[in-house]
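Here is what each chain is made of, one letter per residue.
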Amino acid sequence: QVNLLQSGAALVKPGASVKLSCKASGYTFTDYYIHWVKQSHGKSLEWIGYINPNSGYTNYNEKFKSKATLTVDKSTNTAYMELSRLTSEDSATYYCTREGGGYWGQGVMVTVSS
Amino acid sequence: DIQMTQSPSSMSVSLGDTVTITCRASQDVGIYVNWFQQKPGKSPRRMIYRATNLADGVPSRFSGSRSGSDYSLTISSLESEDVADYHCLQYDEYWTFGGGTKLELK
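All of these numbers come straight from a predicted model, not from anything done at the bench. (Residues numbered from 1 in each chain as written. Chains lettered and ligands numbered in written order. Predicted model: local features only at pLDDT ≥ 70, side-chain atom pairs only at ≥ 80, totals over all residues. Heavy atoms only, no water.)

Caption draft 1: Broad picture of the packing of aromatic side chains. According to the stated counting rule, one finds 11 aromatic pairs over all chains in the structure shown. Judged by centre distance (5.6 Å) and plane angle (80°), the ring pair of A:Trp104 and B:Phe36 falls under edge-to-face. Of the two residues, A:Trp104 is situated in the loop between β9 (92-98) and β10 (108-112) and B:Phe36 in strand β4 (residues 33-38); the pairing between them involves two chains. Each member of the pair, A:Trp104 as well as B:Phe36, is classed as buried. Aromatic pair B:Trp95 and B:Phe97: ring centres 6.1 Å apart, planes at 85°, arrangement edge-to-face. The pair formed by B:Trp95 and B:Phe97 is uniform in burial state, with each residue classed as buried. The rings of A:Tyr33, A:Trp47, A:Tyr50, A:Tyr57 and B:Tyr94 are connected pair by pair, giving a single aromatic cluster. Across from the ring centre of A:Tyr80, 4.9 Å away, lies the NZ or CZ of A:Lys19, which sits over that ring. Above the plane of the ring of A:Tyr32 lies A:Arg98, whose end atom (NZ or CZ) is 3.6 Å from the centre. (Phe/Tyr/Trp six-rings, centres within 6.5 Å; stacked < 30°, edge-to-face > 60°. Helix = DSSP H or I, 4+ residues; strand = E, 2+ residues; numbered from the N terminus. Buried < 20%, exposed > 50% of the residue type's maximum accessible area, 1.4 Å probe, protein only. Lys NZ or Arg CZ within 6 Å of the ring centre and 35° of its normal.)

Function-wise, these values are silent; they only describe arrangement.
Following this line, the structure appears as structure tokens:
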């Protein structure tokens, strides 16, 4: 069965970076894009961007272009999102989801605090 | 950028009600609209895909429809397990989510 397993919660200091992981199983990793989504405090969902695991091609929401960097490791079927220069505005739950939104990771809460 | 205007933002409902939530797209997105249910502390669950198709395992009281640029999710005979947040998503051009609708019991 398809599963997207995300890394655990992160507490990071302002100005630092954090790299989140999303390990896929149960399907051919390179067949489907992986999207990342932000949800601040149970509010609405925001699309961050997607990556094509086969080619590494990425596309970002303009709002997150200087904030997020998406990568993959095909050898481990894992997608990554690095968030840089963190501020309190980046405190949120981040989800990875497969193309179409049929499968989601469990979400990872990132807290930015000194 | 495509905007998805979702309404209402919240709704007070009773068990057995028929509930309709709507998203209006700012430009043509064709059939490329999905609907998601989200319960507190949980990941979104896809309920409807391509505007009108019921996702696997979703009860038949859920349905999706389209009228021009308006997309609707209807829940017939609301049950307690349906009380949740609902989000629409357009995926015709990148992704855009609606603002969400919170269903609360009266």
